[in-house]
Structure formats: structure tokens, C-alpha cells
Amino acid sequence: MKRKFVLILLVLGVLPRFSNLMAQNSLIRGKISDAVNGYALPGASIAIADAHKGVASDLQGIFEITVTSGEVSLLIRYLGYADTTITVSAEAGKTVFLDIQLTSKTYELSRVEITGLLQGQARALNQQKNADNIKNIVAADQIGRFPDPNAAEALQRVPGVNIERDQGEGRYVLVRGLAPQFTNMSVNGEQIPSPEADVRFVALDAIPSDQLASMEVTKSLTPDMDGDAIGGSVNLVTRSAQSSTPQIAASLVGGYNNLMQKPNAQGSLLYGQRFGKGEKLGFLVNASHYQNNLGSDNVEREPFDNELDLRDYELTRTRLGLSSTIDYRFNKNNEIYFRTLATRFTDREWRRRYIFIPEDGEIERHTKDRFESQSVRSFNLGGRHTYPGIQLDYEAQYSYGEQNTPYDFQGIFIAENEHSLDFSDPESPVINAPGYLDNNNYEFDELEVGNTFAKDQNITAKFNLGFPYRIGTNNYGLLKMGAKLRSKTKSYDITVDKYGNLGGVPNLDAFEGGLLDENFLGGKYVLSNPLDISRLIDYFNENSEQFEPELEDKAIDEALEAYTATEDVVAGYLMARQQLNRLLLLGGVRYEYTRTTYQSNDVVIAANGDLEEIVPVEGGTDYGFFLPQLHLKYAAGENTNFRAAATYSYARPNFSEIIPAQEINLEDREATAGNPNLLPVSAFNVDLLGEHYFGNVGIVSGGLFFKSLDDFIYRRVVFNSNYPLTGEPIATGVDVIQAQNGNQANLLGVEVAFQRGFNFLSGPLSRLTLYLNYTYTNSNATIQSREADEDNPDTEEEIPLPGQASHVGNASLAYENKGVSVRISTNFNGSYLSEVGGSPEEDIYVKSRLQLDLNASVTLTPKIRLFAEFLNLTNQPFEVYQGSEDILIQREFYSWWSRLGLKFDF
């Protein structure tokens, strides 16, 4: 309390001095745009000539700069555009508004090329160049130049970003080799909730890339940003209206999936315009829909159990996106806005499995029919007010995410069949199982019918205050402070009904039907007619007396997984930005306090294996973090920066680790337990970066980053313990598995990037553009040794951080000439530890993967473009190994898929 009181007195004492200085100031507010097409130019540098002050334009090209009264010369710079100097007469206490149009250096190339690839690169690189901290930005124009239909796949092109895939499509984002839970996801600057039940991070395959104006990957946090991001912070920015000239854009796309031999389709429509005198009212709406028919052929192995699993997937996915922005500018200094984003991702999955179990002499046939939808909705209402002496912005946000699985059906049939497996070729195991294709041999075993519903809701309010000031005559600065309150509610409900065979249920041949894959894994394996699960459901409804409800399994599953959680976060910060000649200093501190509560169930299984008791339990915890941040940026030249940052951040545990759900098996003397007292992982981060920007819109950069993580979370075995670990024990002598804190991890990496057009060459080579980036990361984490026992429980061992790939990179070569563009792209990620097993031999790794894509476009008119895209041309599989690379436990193939379409921009 004393510290807070001193801080308040300090602020109150300083503000009057700032007020005296502010009274002598004038505000210059303006918009930077392209002289030909009127498009806003974000990231433009606006500097006072002969003074050490500069700002950058925002996503709408708007800038604000406080100056002393009198004649002021402004120098405006933008990569790919000619430098422009403007002289302004500023009066004390008043605002001057400017509309500045820049002239492109590439006019001689024709309008078609000016609005092509270079403009998208220029927007992104100018924002990076003039940012106060280390970040990468991808503009909408540049997103459209790669064949990336969702936000996750578009982000994979950013230096140091890797993605996890599902059925060949990008889903989760990993920044600088850290697992998804170390990165927070925001829309328009505010975090969005995760629709999934057990995690915090968001699956970005639910968000169409064509809904975005830009994507920002921040790698070094500033005090005015949320502090719960160790890997980085990803911000998805939706579009807004730019001018009174109507902006209408549309696309019509058709495609083909080679594996399924089925089409896919996509369409989008955007309309934006500003209305009224002075263009005060702006309105934009953007809608898109994408249907994708896809699938995979998958072979999996359980090496320790000598089992083989053939999985044949057929999926229909849809991706619907709708975003809008309404903003109103009362005058040059005051505006309000309302932004919305709504997405709905659906996944209809049919899965057919053969599980070969030689040790038991059994072959299992599983068929699943599941429908799942994920929805994310975000509503942001806020305003900005700027005067010569003070800057104020505020926002209220409501966001909601849900995952709804209204039905999940699975039928299991088993055949008694003596057979053997040969794994001498790990990529193509051989099955010796006569008669395994005869459906009459498979007897009914189990029918599972379930549905689940998870939801996550955020309510947020925040404000920021900025006070411009100067030291001496020409050294300008900004004092900024703000606060935020966020309330989260997350819950998960599950219903599972299982039925066995009481007698009389026919064999599999009575229910066969559905799609038969006659070319599974290129014909290496032969599959018979699968189960038509709808026929089995119909039979169950008509003959329910032949099915035995498994009530105990139902009670256990539903009690273990269901939970409700609340989380309240209060945050505040104070920071200062000071320009000293060529050196920019930005520093401050942020404090975040979190309080959490949880309700779930304990499940106790008796010594005879039967359910003994289900006990409702509650848990909760609270914690706070002071997060100091310091950034330095030195402009060694007009287009050369050196950056350094030292920051503190943290990452909250996943909900699956902290909900106090517990299960004890007294028969095996083993238990698993959630840990509501689990602390977040905290980190000290150091970043060094040098970057040089080319005048023809390009960059070469290189840097180092280091992260030291405390309270690293790992799964620990507490041997011969009381159960539960705290409170009154209900059992003794139990081995309890629980996520716990206590160990440390370190991560050291190198990041390099190169992007440049070869216009300095002659002939056809001058039309080439090369895009390269590469990140190397080395990590180690200390965990309890998996050879530890009751006598030596504290023995430790080192492992790499789970989810951390040592090598991540992109390469792309593009050719553009007279409206024709061709690009070949590769994305590479090295192998990484995915799951920590009970021993090093049981550790599961995702194998390295390189994907090759090709896309081309032809500009038919300045407003119509024809394009074609081909993805995964080399049929690169998703591969997983256990312990060593020669023990492959999963190989999943997707073949290639394509899209052909038209884009209209009126």
C-alpha cells in the first residue's frame, strides 16, 4: 500500500508540470494515403525536421504529433515512396489537420504493378520499421499473395512462427518454438476466448484470412500490452472504411481435393465507405464462406503393445466469417468505433479404423460419425480523443467462444482372428491376417453416443491516458498510463452413453455401407465395406432391449471432464517513451493480478475396480506479477535500426492442468489430480535485433533472443503419497501424477530474414522477388527424472521444451511482370518433442516437415484478377515417431489440393 501511495503522489506531482508544457503545444493530426488509389498507408514515418521527435501512422494511415507553436516542417517517409516535406503553421492549443498523399517511386511500372505485391510489402515493412518494439506485420495484400485460407496458415510465413496442423490444415500457432499456450491471441487488440474445453489458446483455423486487414506478431512486449505472452502476442486486425469512394471487393473460388476427388468452394464480399460532410461516418462489412471437402489416410502403431491402426478419414469443413466496423469522427480530435467479428467453423468427420492386436488375437473395427462446430464472436466498442495536452482512448469488449458437439456416434465391432504384423519396413508395416476383410466375422462390442458443449466468455474494460512532454527544446516524449479489468467464465459439459451387447445384435455385415476407400494409402492396404453407423443407430432405436447401458462408465466420464471456472484479472501500467536524438527509449512497468475459482469432481474407484464415489470439489488460487519492460531503438541511418529489449512476461496454465478434477484407482494404487494452486510460468526475455530496409521495399534482419523460464510446468509423480495431496487423506500409499511447478527452462535462438525485389538487376531477373526467413532455437528444461523412485524421488533430467522445433523457415520466389505473378513457396519446421512419456523411449516427437506450394495470378483488368493455387504438391505426410526416428508411430497423408478463382476490386 505504501508503494502505491508513493506512486500516486509522484504522478499527481508530475502532471501539473506536464500541463504547463502542454498549454504551449499544438496538435497536428493527419492522414497518409497513396496519391493514385487513395489507400491508407500505415506505418509511415512522420518526423519534425531538426528535432528528435517522430511518430508512425496507424492502420488507417492516421497520425498525431504534438509540436510547439510556430512554423513546423514535417518530413514524411515511406518505403517505396518519395520523401515528402510539408511546412505547417501551428497555433498554441489548436489542432491542424493534414491530408498528405505520397507518390510511389514505381509509377513508371504502371498502375497494375503499383497495386500488386509491392504495396502489401510496403505496408507491412513500414509498420515494422517504425514500431517502437520488435514485431512482424503481415498486411492483407501480402496475405492474399500466399495460398493460405485461414489465419494460422497465413501466420506460418512470419519469421519464427510455426504451426500445428490438423488434417493437413494449420490450426495452432507456435512463436519462437514455444508451445501454443505460451502465445496469446487477440482480435483488434483484445484477447479472445478459446472455444475448446481444456486449453486457453485459440485454434486459428476457425478464422478466415480474408477477414483481416493485417496480422501483428509482437515478440517483445511493452507495458501497455497484456503480459501473459512468453512466446509472443498475435493480434488479428479487421478492416475499416477508408474514404467516401465505395470500396467493393469480392471473390469466387472453386477447388479440388485430390485425395477425396471432391470439389471445394469459397466466396467473399466486402463493402466499405465513408459518408457525410467531412466523411465523418464510416461503415464496412466483410463476409466470407469456405467449404472444404478433405480427408486423410493414416497408419499408426503402438510399438510397446505391438498394435497397428489403419485410419481412413473423410471430412467436410466449413468456415464462415463476418466482420464489420462502424466509426464516427465527431471532429478532428474525437472519434468512436464499434467493431465486430463472428466466425463459425464446422467439422463433420467420418472415421473408419482397423485395429490389429496380435497379442489378443483380435481385430477391432471402429466407425465414428461426429459433427462439431466452433464459434468465436468479438464486439469492441471504444473511442479516441486527442488534444494538444492529453490523449485518451478507452474500450469495452465482449467476446464469446463455444465448441458444440451435438452428436458423436461410434460403433465398435471385434473379430477373433489369429494374425501377425511385420514392422521390418517402418514406413509400410505388413499385415498377415487372412479373413480380416469378411464383415461377417465381426461381432458387435459397443455403441457410444455422446455430446459435449464448452463455452468461454470474456468481458473487458480498459482505458489509456497519454501526456506528451519534452525535455529541453527538441527531445520529445510521452508519458502513458492505463488500466484494464477482464472477467472470464469458462465451462464444459459432457454427456456420454455407452451400450454393450446383451445378445441378439447382428454382426457387422448387417450394417455395412458408406464410402469405401479403394485406394487407401495408394493401395498398400485393402479395406472392406465400412459400418454405416446410421443403420446401427436405427437398429438401436428399434431394439434397445438388446443393448446393455454401461452406467458406471457414463458416470465416471461425465464427472471427470465436466467443470466450471471463473477468472478475474486486474491490470495497470505506467510507461514513458523518450526520443533522444537517434535513440528511442521506452520503459515502464505493468502489474497484473489474477484470481481464479474452479468447481469439478473427484472420482474414486474402489480396490475391486468398481466406482466407489463421486465427490464435488472446489478449488482456486490468486497471484500477481510485476512486469518491468525496457526497449531501446537506435536509428543508425534512414533505413537501419538496431533494437534491444529486456522484458518480463508469463503464461497461465491450461485449464486442464488446474481444474481440481481427481481420479484415484485403489486397485492399481495410482491417481491423477489437477492442481488448482499451479502457478503460471514466468519468463525473463532478452531480444537483440538489427534490421536494414531497402528502398525498393525489402529487408534484411538478424537477431538473438534468450528466454529464462521459471516455474516451468511438468507432470510429476509423487510416490507413495497420501491422496489427495492436501487436506484430509482418503487413501495412503498412492502414486499421484500431477502437473507441478518448480523447475527451470532456458531457450536461446537466432532469427534471420531477407526480403527483396531484384530490380537492381537487368532483364527478366529484375522481376524476381525473394523471401527468406529462418529461426534456430535451442532449449532445455529440467524435470523429475523418469527413473526416479521412492528412494530417489528428486533425481532430475534435462529435456527440450515440448513443442519447441529447433529449425523453422520459409522460402519463396516470386516473378511479376505486366500483370502476371507466379510464386513458389516452401515452409519447413524441424522435429520437436510433442509428449513426454514415462521414459525417454516413450517420448513422442513430431518429425520434420517441408511443404511445397505454388500459386499464380493474372491481372485481367485493373479491378479483376484470376488466380490459381496448389498446396502440398509433394504430398508431404505428417509423421510422428517414438523414442527414435526409426520407430514411426504415425504417418498421415493428405495428397494435394487446389483452388481456382476470380477476385474483384471495385
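Residues numbered from 1 in each chain as written. Predicted model: local features only at pLDDT ≥ 70, side-chain atom pairs only at ≥ 80, totals over all residues. Heavy atoms only, no water.

S.K.: How should the overall build of the protein chain be read in this particular structure?
M.R.: Looking only at helices and strands, the protein chain features eight helices and 46 strands. What you see for the protein chain is a C-alpha radius of gyration of 29 Å, in line with the 29 Å of a compact globule of 906 residues. Each principal axis of the C-alpha distribution contributes one length, and for the protein chain these read about 95 × 70 × 45 Å. Counting all 906 residues of the protein chain, 57% fall into the buried class. A distance of 17 Å separates the average location of the 78 positive side-chain charges in the protein chain from that of its 119 negative side-chain charges. (Helix = DSSP H or I, 4+ residues; strand = E, 2+ residues; numbered from the N terminus. Rg over C-alpha atoms; globule rule 2.2 N^0.38 Å. Buried < 20%, exposed > 50% of the residue type's maximum accessible area, 1.4 Å probe, protein only. Lys, Arg positive; Asp, Glu negative; His and termini not counted. Charge placed at Lys NZ, Arg CZ, Asp CG, Glu CD.)

S.K.: Quick question: what am I supposed to make of the packing of aromatic side chains here?
M.R.: Any aromatic ring pair is given by two values, namely how distant the centres are and how the planes are angled relative to each other. Under the counting rule described, the total for this entry stands at 27 aromatic pairs. Here the aromatic rings of Y172 and F201 are separated by 5.1 Å at their centres, their planes lie at 90°, and the arrangement is edge-to-face. Of this pair, Y172 sits in strand β10 (residues 169–175) while F201 sits in the loop between β12 (190–191) and β13 (212–218), and the two are 29 residues apart along the sequence. Y172 gets classed as buried once you look at its relative accessible area, which sits at 14%. (Phe/Tyr/Trp six-rings, centres within 6.5 Å; stacked < 30°, edge-to-face > 60°.)

S.K.: In this structure, what is going on with the confidence of the model for the protein chain? I would like to understand it.
M.R.: For any part of a model where pLDDT is low, the fine detail of the predicted coordinates should not be relied upon. Mean pLDDT over the protein chain stands at 87; residues scoring 70 or higher make up 94%. Under a pLDDT of 50 for its full length, residues 107–116 has, in the predicted model, 19 contacts with residues more than four places off or in other chains. (pLDDT = per-residue confidence, 0-100. Contact = heavy atoms within 4.5 Å.)

S.K.: Sorry, what's going on with the nonpolar core here?
M.R.: Side chains of a nonpolar character, in soluble globular proteins, are inclined to be buried together. Judged by nonpolar contacts, the single largest core of 37 residues is most densely connected at F182, I230, L709, F712 and L801. Going through the elements one at a time, β25 (475–501), β27 (563–580), α8 (655–658), β33 (681–694), β34 (698–723), β35 (731–757) and β36 (768–784) are the ones with two or more residues in this core. Broken down by element, the residue count for this core peaks at five residues, all from β34. (Core = buried A, V, L, I, M, F, W, Y, C linked by side-chain atoms within 4.5 Å.)

S.K.: Where do I start with helix α6 (residues 533–542) in this structure?
M.R.: Every α-helix winds through 3.6 residues per turn, so residues three or four apart in the chain are directed the same way. If you check which residues of α6 are buried, you get I533, L536, I537, Y539 and F540. Buried residues in α6, looked at end-on, bunch into an arc of 160°, giving them a common side. With respect to the buried face of α6, the exposed residues turned more than 90 degrees away are N541 and E542. The elements touched by buried residues of α6 are β20 (362–387), β21 (390–416), β24 (443–471), β25 and β26 (547–549). (Arc of directions from axis to C-beta.)

S.K.: Looking at this structure, I do not really get the pattern of salt bridges. What am I missing?
M.R.: For side chains bearing opposite charge, pairing can occur when the charged atoms are close. Overall, the coordinates contain 51 salt bridges when judged by the stated rule. Here D166 ties to R317 by a salt bridge, and the two come within 2.3 Å at their closest N and O atoms. On the criterion of sequence distance, the pair formed by D166 in strand β9 (residues 161–166) and R317 in strand β18 (residues 307–331) is long-range, its members being 151 residues apart. Residue D166 is classed as partly exposed on the basis of its relative accessible area, which comes to 24%. Two residues, D347 and R317, come together in a salt bridge whose shortest N-O distance is 3.4 Å. Placement of the pair is D347 in strand β19 (residues 334–357) and R317 in strand β18, with a sequence separation of 30 residues. (Salt bridge = Lys/Arg side-chain N within 4 Å of Asp/Glu carboxyl O.)

S.K.: Even after reading the chapter, I still don't get the sheet that holds β13, so can you show me in this structure?
M.R.: Pairing between sheet strands relies on hydrogen bonds along the backbone, with the strands arranged either parallel or antiparallel. Taken together, five strands build an open sheet; the order of strands is β8-β13-β14-β11-β12 and the sheet is mixed. In this open sheet, the two strands that pair with only one neighbour each are β8 (135–139) and β12. In this structure, β8 lies alongside β13, joined through five bridges in antiparallel fashion. Note on β13: the bridge partner recorded for I137 is E216. (Pairing = 2+ DSSP bridges.)

S.K.: Explanation requested: the pairing of β25 in the structure shown.
M.R.: Residues in a regular strand point their side chains to alternate faces of the sheet. Bridge count between β24 and β25: 25 bridges; the pairing is antiparallel. If you follow A461 over to β25, its bridge partner there is L485. When β25 meets β26, the two strands line up antiparallel, connected through three bridges. Looking at β26, one finds that G500 is bridged to E548.

S.K.: Sorry, what's going on with helix α7 (residues 551–561) here?
M.R.: Buried residues of α7: I556, E558 and A559, and no others. For α7, the elements touching its buried residues are β25, β28 (583–605), β29 (611–637) and β31 (662–665).

S.K.: Explain the side chain of D228 here, please?
M.R.: Within the secondary structure, D228 sits in the loop between β13 and β14 (232–238). D228 gets classed as buried once you look at its relative accessible area, which sits at 9%. Within polar-contact distance, the side chain of D228 engages the side chain of N184 at 3.3 Å. In this structure D228 touches N184, Q191, R486, E592, Y650 and R652, once residues within four positions along its chain are discounted. (Polar contact = N/O pair within 3.5 Å; in protein donor to acceptor, adjacent residues only side chain to side chain.)

S.K.: Would you mind going over unusual backbone geometry with me for this structure?
M.R.: Among all residues except glycine, the phi angle is most often negative; among peptide bonds, the trans geometry is most common. A positive phi angle, near 55°, is found at Q167, a position not held by glycine. Structurally, Q167 can be placed in the loop between β9 and β10. Unlike most non-glycine residues, N306 shows phi in positive territory, near 55°. Inspection of the secondary structure assignment puts N306 in the loop between β17 (281–302) and β18.

S.K.: I keep staring at the environment of D610 and nothing clicks. Help me out?
M.R.: Note that D610 resides in the loop between β28 and β29. Separated by 84 residues in sequence, D610 and F694 place their C-alpha atoms 70 Å apart. Those residues within four positions of D610 in sequence are excluded, and the remaining contacts are E552, V604 and I605.

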